[in-house]
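Summary of structural features
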Amino acid sequence: MRYPLITTNAAQMHIKYKLILPLVFLLSGIMLYPFIFSLWLSLQDYRLTRINDVQFVGFENFGFIATDQSFLNAMGNTISFVASAVIFELILGLSLALLIQKLVIFKGLVRSILLAPMFITPIAVGLMFRFLLNSEIGIIPFYLLRVGVSLDWFGPELALFSIVLIDVWQWTPFMLLMFLAGLEALPKTPFEAARVDGAGRWLTFFSITLPMLRPVIVVALIIRALDAFKVFEYVFAITRGGPGNSTETIMYYIYQTGFRFFRMGEAAAASILLIIFILVFVILIVNLSRPKVIK
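1. Things to note about the environment of leucine 226
Topologically, leucine 226 is positioned in helix 10 (residues 214–228). Taking the relative accessible area as the measure of exposure, leucine 226 reaches 31% and is therefore partly exposed. With 96 residues separating them along the chain, leucine 226 and arginine 130 place their C-alpha atoms 24 Å apart. Among all residues touching leucine 226, those that are not within four sequence positions of it are Ile278 and Val282.

The following block contains the structure:
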């Protein structure tokens, strides 16, 4: 029995849309409905202590959140955290990837060891470093004190920096994995031509390797930044936003507002503002990373 071959573009488009239809329904249920419900919540005076007395307040929640000093402080802490952590991870990940690419022996073993932190759940990492860096019982402050260095890792001055270091320890392997894949996919011809022309390592890196890795760098930067904006586990497990509010991030602020103070409308409004901020951030990164076309 012969089946007719589908050759027309219209028929091919019809089949393509049928194939992606289940995915559209699945994503709509998982993502679209919660987003619409959050948008509805943000326009209501919705409190968990009186769910039978919900009142429509329009954009009042957005106005309150935008002028709330705690929200602005949380956004500032989050932006500082994301910028510091992602830059450190980018530099360390690329450096380690270049070193591992040159390895001849134990290459697989070194990869496995360096990638291990990425597979540990963040709440467990937070609890682990909570004890490792504790100024009274932590092993790291103990040995630093023996060489004359006394640091309060979770004090007001160093608490946010400590959270950044913990994130760098866990998620530098992600950058390493991305850059290793990118380096191994690069064509060999430009590097051989550079070697023949007598180009040094640094010139080759900045003139060939780095420009060719631009798409990988942009993708790794966006993915890692988007994930860093959601930092919550380290703060919850270690500092609970303290000392004071020096480590309160935007996700911890939303958690506090919604589930400790029961102001779900304001928490939803903060979430919507965060989504808008992240969307603008991604658009800016993509536009700035595009190679300039010389006319």
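2. Considering the pattern of salt bridges
Pairing is possible between side chains that carry opposite charge, provided their charged atoms lie close to one another. Enumeration over the complete set of coordinates arrives at nine salt bridges. Where arginine 224 meets glutamate 89, a salt bridge forms, and the shortest distance between an N and an O atom there is 2.8 Å. Pair noted here: arginine 224 is in helix 10 and glutamate 89 is in helix 3 (residues 69–101), with a separation of 135 residues, a long-range link. On the basis of relative accessibility, which here comes to 0%, the residue glutamate 89 falls in the buried class. With a closest N to O distance of 2.8 Å, arginine 224 and aspartate 227 form a salt bridge. One end of the pair is arginine 224 and the other is aspartate 227, both in helix 10 and three residues apart, which spans about a single turn. Among the residues examined, aspartate 227 registers a relative accessible area of 30% and is labelled partly exposed. What you see here is one network of salt bridges that share partners, running through Glu89, Asp167, Arg224, Asp227 and Lys230.

3. Looking at the side chain of threonine 78
Turning to its location among the elements, threonine 78 is positioned in helix 3. Among the polar contacts listed, one links the side chain of threonine 78 to the backbone oxygen of alanine 74, at a separation of 2.7 Å. If we ignore the near neighbours within four places in the chain, the residues touching threonine 78 are Phe229, Thr249 and Ile250.

4. Some points on the packing of helix 9 (residues 201–212) against helix 10
Look at helix 9 against helix 10: their axes get within 4 Å of each other, and the N-to-C directions meet at 50°. Classified by the angle between their axes, helix 9 and helix 10 sit oblique to one another. Note on element contacts: helix 10 touches helix 9 through Arg214, Pro215 and Ile217, opposite Leu210, Pro211 and Met212.

5. Some points on helix 12 (residues 250–260)
Taken together, the buried positions of helix 12 are Ile250, Tyr252, Tyr253, Ile254, Gln256, Thr257 and Gly258. Each element contacted by the buried residues of helix 12 is listed here: helix 2 (60–67), helix 3, helix 11 (233–239) and helix 13 (264–289). Residue phenylalanine 262 follows helix 12 closely and has a positive phi angle near 65°.

What counts as what
- Residues numbered from 1 in each chain as written.
- Predicted model: local features only at pLDDT ≥ 70, side-chain atom pairs only at ≥ 80, totals over all residues.
- Heavy atoms only, no water.
- Helix = DSSP H or I, 4+ residues; strand = E, 2+ residues; numbered from the N terminus.
- Buried < 20%, exposed > 50% of the residue type's maximum accessible area, 1.4 Å probe, protein only.
- Contact = heavy atoms within 4.5 Å.
- Salt bridge = Lys/Arg side-chain N within 4 Å of Asp/Glu carboxyl O.
- Polar contact = N/O pair within 3.5 Å; in protein donor to acceptor, adjacent residues only side chain to side chain.
- Axes fitted to C-alpha atoms, helices over the stretch in contact; angles between N-to-C directions.
- Parallel < 35°, antiparallel > 145°, perpendicular 65-115°, else oblique.

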